[in-house]
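Breakdown of the fold
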Amino acid sequence: TDLCGGAINAATGVYYGAEYIAAGSANLVRIDTSTGARTAVGPMSGLSSGHTITGLSWDKTTSTMYALSTNGTTGTLYTCNLTTGALTSVGSTTG
């Protein structure tokens, strides 16, 4: 499987990645930066239908991990639960 996004939680030093499964399906994983080994956190549930995760980003001011997805037409921004992988939609754009 391919990683389609990654970011480090600056508060803990843990690196997270979005593991592409198929359109509409991804897993959140922790990545050991010394070995490259992946540990599954959980499915990125709540991903918009037909969307692919395109990135992760850590906001150190709010201690929030964000995920971004697209279906080629619409982009969606989510918060990402680092314990379960669940996504919560913040908003979407078109264009």
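Given the structure is predicted, the values throughout are model-derived calculations rather than measurements.

The secondary structure content of the chain amounts to zero helices and eight strands. Each helix and strand of the chain, placed in order from N terminus to C terminus, yields the pattern β-β-β-β-β-β-β-β. Since a compact globule built from 95 residues should have a radius of gyration of about 12 Å, the 12 Å found for the chain is in line with a globular shape. Taken along the three principal axes of its C-alpha coordinates, the chain extends 40 × 30 × 20 Å. Looking at the chain residue by residue over its 95 residues, the buried ones come to 35%. Considering only contacts within the chain whose residues lie at least 6 apart along the sequence, 33% involve residues at least 24 apart. With the model as given, the accessible surface of the chain reaches about 5000 Å², and the carbon-plus-sulfur share is 51%.

Okay, the side chain of Asn9 next. Along the chain, the position of Asn9 falls in strand 1 (residues 2-9). Judged by relative accessible area, which is 7%, Asn9 ranks as buried. Side-chain polar atoms of Asn9 contact the backbone nitrogen of Ala11, separated by 2.9 Å. Apart from the residues within four sequence positions on either side, Asn9 is in contact with Val14, Tyr16, Trp58, Met65 and Leu82.

Here the focus is the pairing of strand 1. Here strand 1 pairs with strand 2 (residues 14-22) via six bridges, running antiparallel. When the sheet's bridge partners are listed, Gly6 is paired in strand 2 with Gly17. Connecting strand 1 to the next strand, strand 2, in antiparallel fashion are four residues, including Gly13 with a positive phi near 80°.

Conventions adopted
- Residues numbered from 1 in each chain as written.
- Predicted model: local features only at pLDDT ≥ 70, side-chain atom pairs only at ≥ 80, totals over all residues.
- Heavy atoms only, no water.
- Helix = DSSP H or I, 4+ residues; strand = E, 2+ residues; numbered from the N terminus.
- Rg over C-alpha atoms; globule rule 2.2 N^0.38 Å.
- Buried < 20%, exposed > 50% of the residue type's maximum accessible area, 1.4 Å probe, protein only.
- Contact = heavy atoms within 4.5 Å.
- Areas by Shrake-Rupley, 256 points an atom, 1.4 Å probe, with all protein chains shown as cover.
- Polar contact = N/O pair within 3.5 Å; in protein donor to acceptor, adjacent residues only side chain to side chain.
- Pairing = 2+ DSSP bridges.

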